[in-house]
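# Residue-level structural notes
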Amino acid sequence: MIVSKIMTKNPFFVSPELSLTSARSLMDKEKIGHLPVLNKDKKLVGLVTKVDLLKAAPSSATTLDMYEISYLLAKLNVEKVMTKDVVTVQENEVIEEAARIMADRRIGCLPVMKGTELIGIVTDTDIFHFFINAFGARHQGVRVSINFKEKRGQIAAFAGKIFEKGGNIAAFVTAEGDDDDHRRGTLKVSDISRADVESIVQSFGDAVIEDIRD
């Protein structure tokens, strides 16, 4: 799947000249933590986050009162605190690559571009929701994690056995195993009992259940 399928389309954005007070008000009102910054030509020139605004605010040890703090923040604009070297992705980038970039860069969002035009934003929350769906977390059924022998046809044969028992695979995710000879599969299976799932796995001599739960 690509990022354009899970991103927030037409995200809220601000201009570099907007005051920090106004930017914070917008974030609070819309319950968002990231704002792309576009110049008058609608080109992406920065990104401002709630963390940036918190860093710009006076220390809690300040002797200033709330009115003085508000006055100072109103004098500062977004351009002073925004990240200018923004990491972005194109609309057709795959989700796992976007997740890797965010994890490696330790950032919470990626503006999504169509060429040089901002068309969306994908956040860590969007990624979380994607993996919740990928693992079938909202579906009822038996969740099982299996260590398969890396052998052609193993997963297809397992799926066939589930079908023969009247089961339905609501989610199926695979990942690398502990070594090159194995692959780990995590499934959510409905319309089948836990006992039937265990018996199917036992019929595969090279497959081992690592975790199973209803």
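Structure's up top.
To keep things clear, this report deals only with the structure shown in the data block. Keep in mind that what you see is a predicted model, and the values were worked out from it rather than measured.

## Notes on the pattern of salt bridges
Within the structure shown, the criterion is met by ten salt bridges. Close ionic contact of Glu 198 with Arg 194 constitutes a salt bridge, the shortest N to O distance being 3.6 Å. Of this pair, Glu 198 and Arg 194 both sit in helix α7 (residues 194-202), four residues apart, which is roughly one turn of that helix. Owing to a relative accessible area of 27%, Glu 198 belongs among the partly exposed residues under this scheme.

## Some points on the sheet that holds strand β5 (residues 109-114)
Pairing in this open sheet of four strands is mixed, and the strands run β1-β6-β5-β4 from one edge to the other. Looking at strand neighbours, the two that pair on one side only are β1 (8-9) and β4 (89-90), the edges of this open sheet. With six bridges joining them, β5 and strand β6 (residues 117-123) adopt antiparallel strand pairing. Opposite Cys 109, over in β6, you have Thr 123 as the bridge partner. Lying over the sheet, helix α4 (residues 95-105) contacts β4, β5 and β6, oriented at roughly 135° with respect to β5.

## Regarding the sheet that holds strand β10 (residues 208-213)
If you walk across this open sheet you meet the four strands as β8-β9-β7-β10, and the pairing is antiparallel. Pairing within the sheet leaves two strands with one partner each, and these edge strands are β8 (168-176) and β10. Averaged over all pairs of adjacent strands, the angle between strand axes in this sheet comes to 15°, irrespective of strand direction.

## Observations regarding the pairing of strand β3 (residues 44-49)
The pairing of strand β2 (residues 34-38) with β3 spans five bridges and is classified as antiparallel. Among the inter-strand pairings, Val 37 is bridged to a residue of β3, identified as Gly 46.

## Details of the pairing of strand β9 (residues 182-190)
When a strand is regular, its side chains alternate between the sheet's two faces. Most of β9 is tucked away, with seven of its nine residues classed as buried. Where strand β7 (residues 142-149) and β9 come together, eight bridges link them in antiparallel fashion. Within β9, the position partnered with Arg 143 by the bridge is Lys 188. Of the strand pairs in this sheet, β8 and β9 are connected by eight bridges, and their pairing is antiparallel. Within β9, the position partnered with Ala 171 by the bridge is Lys 188. Here β8 folds back onto β9, and the loop between the two strands holds five residues.

Conventions adopted
- Residues numbered from 1 in each chain as written.
- Predicted model: local features only at pLDDT ≥ 70, side-chain atom pairs only at ≥ 80, totals over all residues.
- Heavy atoms only, no water.
- Salt bridge = Lys/Arg side-chain N within 4 Å of Asp/Glu carboxyl O.
- Helix = DSSP H or I, 4+ residues; strand = E, 2+ residues; numbered from the N terminus.
- Buried < 20%, exposed > 50% of the residue type's maximum accessible area, 1.4 Å probe, protein only.
- Pairing = 2+ DSSP bridges.
- Contact = heavy atoms within 4.5 Å.
- Axes fitted to C-alpha atoms, helices over the stretch in contact; angles between N-to-C directions.

Taken by themselves, the reported measurements are silent on function.
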